[in-house]
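Survey of secondary and tertiary structure
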Amino acid sequence: MNSPNPTHASSKPPPRNKHDKTISRTILVLFLSACVITITSHHLVNNDLRQQADKGESALLSVPRPRIREPAKGGLPPIPDFVKKKTAEHHRKEAEAKVEEAKLALKEAQAELAREKEADAAIIVEHAPKGSLNRTTYAYPYEAVSSKSKVILQPHFGSHRPSTNAVFAFAEGYGLEVYATFVESLKLTGYEGDVVFAVSSVEDMKPDVADYLKSYDNSHGDGLNVVSYALPWECYTKGGERILPTNNKGRGSTTNNGFSDCHLHGIYSTEDGVSPAKDPRIARPVATARYEMYWIWSRQYEATSRILILDVRDSYFQSNPFQFEQSASSNDSCTLDLYEENREAVNIGKSSYNSKWIKTAYGKDAFESMSEKPVICSGSTMGSKHAIELYSVAMVAQFDETKCKQVGCDQGFHNYLFYDPTARFNSVLVENGCQMHVCKQGEGAVNNLAAMRNTSLRSQGVLITRKANQNDATTASVKFDDDSIVVNQDGTTMTPVIHQFDRDNELKLIIRKRTKILAMQWRNSQKN
């Protein structure tokens, strides 16, 4: 049988079988379904965008639009946009999760810090002498280092007797005569409490000073007891040069007689509670830094103790200041007594120095609010242990808040605490059951004389010849060449403490003569 001739075959394609028809139909259905899904998706997306726009929300989705892509470099195809978006969304969610974790960690850390501070405050109160105050609205001075820091400063000579009264004085760089004037005149009044000094480092002390201070170490006995803190001040000239005893930059003292800015390292610990910490504050005059000492010392005494803060160089005692009734409060209550300069001679506005200190620290508005007020002297303050502790903390806080580094700004701080229109410090005193009292010049236990130097004290009736009924305790065991005493404004009451005696030539000469006698008596006692 011959094969069919292809040239004679029909031009129509051969009929498809049933299987081929099923495949074609399936492909058509899939294509139509894909079209329906695509159209429906676009419709839903656009509808969702309209609803979000109507609600004022930002559209989180966008309809993809065709875009011209750059040719792939390196032979790799470009990353599709939806992959980039998903990757960015993933990173965003990861970042948000980390932020939430950080916020939670911060809250936990703050809670832990609060717990540590409470525990630290409890430890301070537990280990402080009986009657010590709890936390005040001012930060404790050591907290400038750390809430875990501790006071590690210890006296060089002597030790505190917590149940006694105390006199605090900054006495760095002075010779024997200054110490003798202060201590010997106080001793002659019958005073038997503590005297606490901040003094030079031992290697910088003037001749006989170390022996004098040690001779009054009466820590375990009765009578006047001297406690001395030998402090290694690190001071600088205004040009930033370190002042050393050997380079004659400090006018005879490391602190430049108080006129240089200084650091005091090692009075607080680091967080370990043992290692000495660097001074956390910027260098400042010692007249400002001394209030940290006063705070540390005040915590060594009991609530019943009374404390007098006094300038050492120009003060002389005629009777025991703690036996002088100067306010309505009893010795057992919490009181703070401040002492004015003579209000008839000067006020804050009339004094160029006091005006400058207030303006520099607190501004013009604060100055104007107190310009007509009497000047309150920062060189003499008396109070109960609690009140002195609060006062010292507040004085340190004034420097921390104002950063006033002028020599004398401590007096600006001192006046602001009393005259502050917000009464912040007074509120702190009241909250702790304390009160503040200002004594007019010539009416309290301390008589500030500097503002009265325009005429002699004798012509003003302040320096008089002692009468038979005016017993000067300082002459009970020592006979001086003169019978002069300083009296208060009533003309008869002998002033317990003469402050700024060197502003009057006659009074200065009288006390200098007495100093020679007192210093000679001590030297003779050391020979026996």
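In what follows, the structure referred to is the one given above.
As a starting point, this report considers the structure included with it. Note that residues are indexed from 1 along each chain, following the sequence as it is written. The predicted origin of the model limits local features to residues at a pLDDT of at least 70 and limits the giving and counting of side-chain atom pairs to 80 or more, whereas totals for whole chains, interfaces and linings rest on all residues. The side-chain values count all of the structure's non-hydrogen atoms but skip hydrogen atoms and water molecules.

Section: the side chain of Arg 299
The test is simple: Numbering of helices and strands runs from the N terminus, with a helix taken as a DSSP run of H or I at least four residues long and a strand as a DSSP run of E at least two residues long. Burial classes: relative accessible area under 20% of the type maximum marks a residue as buried, over 50% as exposed, and values in between as partly exposed (1.4 Å probe, protein chains only). Polar contact is defined as a pair of N or O atoms within 3.5 Å, subject to the rule that within protein one atom must be able to donate a hydrogen and the other to accept it, and that residues adjacent in sequence are counted only when both atoms are side-chain atoms.
With respect to the helices, strands and loops of the structure, Arg 299 is situated in the loop between α5 (286-298) and β7 (306-310). Overall, Arg 299 belongs to the buried group, its relative accessible area being 8%. Of note is the side chain of Arg 299, whose polar atom sits 2.4 Å from the side chain of Glu 389.

Regarding the state of the cysteines
Definition in use: Any two cysteine sulfur atoms lying within 2.5 Å of each other are counted as a disulfide.
Scanning the entire structure with this criterion turns up three disulfides. A sulfur-sulfur separation of 1.8 Å characterises the disulfide bridge that pairs Cys 334 with Cys 434. Its S-S torsion of about 75° marks the bond between Cys 334 and Cys 434 as right-handed, since a negative value means left-handed. Of the two residues, Cys 334 sits in strand β9 (residues 334-340) while Cys 434 sits in strand β11 (residues 434-439), which places them 100 residues apart along the sequence.

Observations concerning the pairing of strand β3 (residues 225-231)
How we decide: By the convention used here, strands pair only if DSSP detects at least 2 bridges between them.
With seven of its seven residues buried, β3 lies for the most part within the structure. Side-chain alternation along β3 places Asn 225, Val 227, Tyr 229 and Leu 231 on one buried face and Val 226, Ser 228 and Ala 230 on a second face that is also buried. As judged from the seven bridges shared by strand β2 (residues 194-200) and β3, these two strands associate in the parallel manner. In the sheet register, Ala 198 faces β3, and the bridge partner there is Tyr 229.

Here's the deal with the packing of aromatic side chains
In plain terms, the rule: Here a pair means two rings of Phe, Tyr or Trp (six-membered ring of Trp) with centres within 6.5 Å. Their orientation is stacked below 30 degrees between planes, edge-to-face above 60, and tilted elsewhere. Lysine NZ or arginine CZ positioned within 6 Å of the ring centre and within 35 degrees of the ring normal marks a charge as sitting over the ring.
If you walk through the whole model with that rule in mind, you get 21 aromatic pairs. Ring plane angle 85° and centroid distance 5.3 Å describe the contact between Tyr 291 and Tyr 294, whose orientation is recorded as edge-to-face. With Tyr 291 and Tyr 294 both in helix α5 and three residues apart, the pair spans about one turn of that helix. For the pair formed by Tyr 291 and Tyr 294, the shared burial category is buried. Among the aromatic residues, those joined into a ring-pair cluster are Phe 168, Tyr 229, Tyr 291, Tyr 294, Trp 297, Tyr 301 and Tyr 391. The aromatic ring of Tyr 140 is capped on one face by Arg 299, whose charged end is 5.6 Å from the ring centroid. Residue placement shows Lys 359 over the ring face of Phe 367; its charged tip is 4.6 Å from the ring centre.

Taken by themselves, the reported measurements are silent on function.
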